[in-house]
Structures are given as structure tokens and as C-alpha cells.
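# Residue-level structure breakdown
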Amino acid sequence: MNKDDLLNAIRTRMPEKRFVHTIGVMETAIQLAKVYEVDEKEAELAAILHDVVKFADRDWMKQTIIEQQMEPTLLTFHHELWHAPVGAFVAQQEFGVTNQDVLNAICYHTTGRKFMSKLEKIIYCADMIEPNRKFSGVDELRQQAEQGLELLMKACVKHSIQFLIKKNQPVYPDSIHCYNDLVTRKEND
Ligand SMILES: [Fe+2]
Ligand SMILES: [Fe+2]
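Since the structure is predicted, the reported quantities are computational estimates derived from the model, not experimental observations. (Residues numbered from 1 in each chain as written. Chains lettered and ligands numbered in written order. Predicted model: local features only at pLDDT ≥ 70, side-chain atom pairs only at ≥ 80, totals over all residues. Heavy atoms only, no water.)

### Here's the deal with the coordination of the iron ion (ligand 1)
Inclusion rule: Water is not among the atoms examined, so metal sites may look incomplete; donors are the N, O and S atoms within 2.8 Å of the metal, or within 3.2 Å for Na, K and Ca. By the criteria applied, helices consist of DSSP H or I runs no shorter than four residues and strands consist of E runs no shorter than two, each listed in order from the N terminus. Each residue is placed in one exposure class: buried if its accessible area under a 1.4 Å probe, protein chains only, is under 20% of its type's maximum, exposed if it is over 50%, and partly exposed if it falls in between.
Those protein atoms acting as donors to the iron ion (ligand 1) are D51 (OD), H83 (NE2) and H109 (NE2), and they sit at 2.1 Å. Written as a sequence motif, the donor residues of the iron ion (ligand 1) are D-x31-H-x25-H. Between the iron ion (ligand 1) and the iron ion (ligand 2) the interatomic distance comes to 3.4 Å, and D51 is a ligand of both metals. With a gap of 58 residues between them, D51 in the loop between helix 3 (40-49) and helix 4 (58-67) and H109 in the loop between helix 6 (100-107) and helix 7 (118-129) connect regions that are remote in the sequence. The two residues D51 and H109 agree in class, both being buried.

Structure representation (C-alpha cells):
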């Protein structure tokens, strides 16, 4: 499927606002891929599909997590987290994506995880800093975009975890593992 067909296909599955967000993630991910020498086409594909099931039926997502034997812990956390792994499943099943790095980038775009690839980090960060995002602190995150992918990622993960803590929300274990991995890693690893 070419880029335009893909965009048309996902546009029917989400409200216009989320489609605009997806375009923002795509453009930001391509820019980051250029700067950090990641395949731009892979970044584009992962970005276009990252929220493919964001508005899918919640019961169907729950059923998919069970049937596909995804991490059961997911079901004990907010359903907001479900669209990422289920999105990776749909990217593979319905859109024929076979590139594992692209599938992982979709799968972990909400929680992060330890040992993320450059592409995974790019999609995670692009999702947070794309131009349509308006939360407090987003400009500071955007300023990290050219300081290095590790620093940008660290800033984004910290922001997400702090946000959850401030709201008295639980933090998914993969996000903690992601944070620990980033802060204990030596520079240039
Ligand atoms: Fe998402
Ligand atoms: Fe998103």
C-alpha cells in the first residue's frame, strides 16, 4: 500500500483531529529520522499506523489482547494503553507490515520499554512533540529534539511518568524499565 492509500485507509478509522495528529507525528518522525539516520520510510510507516486502532471498540481490543496472548498486565491498566499493542497487531494483520522494528515502534509508542531501537524512540517522541500537541512543557521537550535522541527520549519519558504521578495514576512497568534503562546507560552507548 502506498503512502496515500495508507493515509486514506486510516483516515476512515479516526476523527479528523486524530488524523491531523497522525500527520503531525509522521512529519516529526521523518524529520527525526533524517537527523538521527533512521530509515525515513520506516519512520513514515510506523507513524501513519501508530494510532490505527485508537478509536476501535474497547471490548474488541480487550478480546484481541486475550486471544493473541499479549501481556496480560495490560488489562489491569487503563484502556488508553491497549491501542498500541493492538495497533501493532492490526498493522501486521490488516496492513501486511512485516518489519519487526516498525511493529515494535507501534507497539511501544505509549509505554516505551527498555532497550528501545532508534525507530521506537523516534515514534515515541514524535507522538509527544508533534506540532499539534499543546500540553504544558511541550516546548521544552521540543527544544531537546536536536540535542540527541537519548536526551530527547529521556526528557519525554520523564515528562510522561511525572505527569502520571502528579495525577495519582499508576505507571506501566515497561515505562519504568524504559526510564531506568535510559538513566543508567552511559552516554554514547
Ligand atoms: Fe497512541
Ligand atoms: Fe498518537
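### Some thoughts on the coordination of the iron ion (ligand 2)
Filter applied, for reference: The geometry test gives tetrahedral to four donors whose angles all lie between 85 and 135 degrees, gives square planar to four donors and octahedral to six donors whose opposite members are over 155 degrees apart with all other angles between 65 and 115, and gives irregular to the rest.
For the iron ion (ligand 2), the full set of protein donor atoms is H21 (NE2), H50 (NE2), D51 (OD) and D127 (OD), at a range of 2.2 Å. Each of the 4 donor atoms bound to the iron ion (ligand 2) contributes to angles spanning 83 to 176°, and the resulting shape is irregular. Of note, the iron ion (ligand 2) draws all its donor residues from one chain, in the sequence arrangement H-x28-H-D-x75-D.

### Examining the UniProt feature "domain: HD" (unreviewed entry) in the protein chain
How we decide: UniProt positions are given in the numbering used here, feature names are shortened, and annotations may be inferred rather than shown by experiment.
Sites flagged by UniProt as "domain: HD" (unreviewed entry) map to residues 18-132. Segment residues 18-132 splits into 60% helix and 0% strand. End C-alpha atoms: 10 Å apart.

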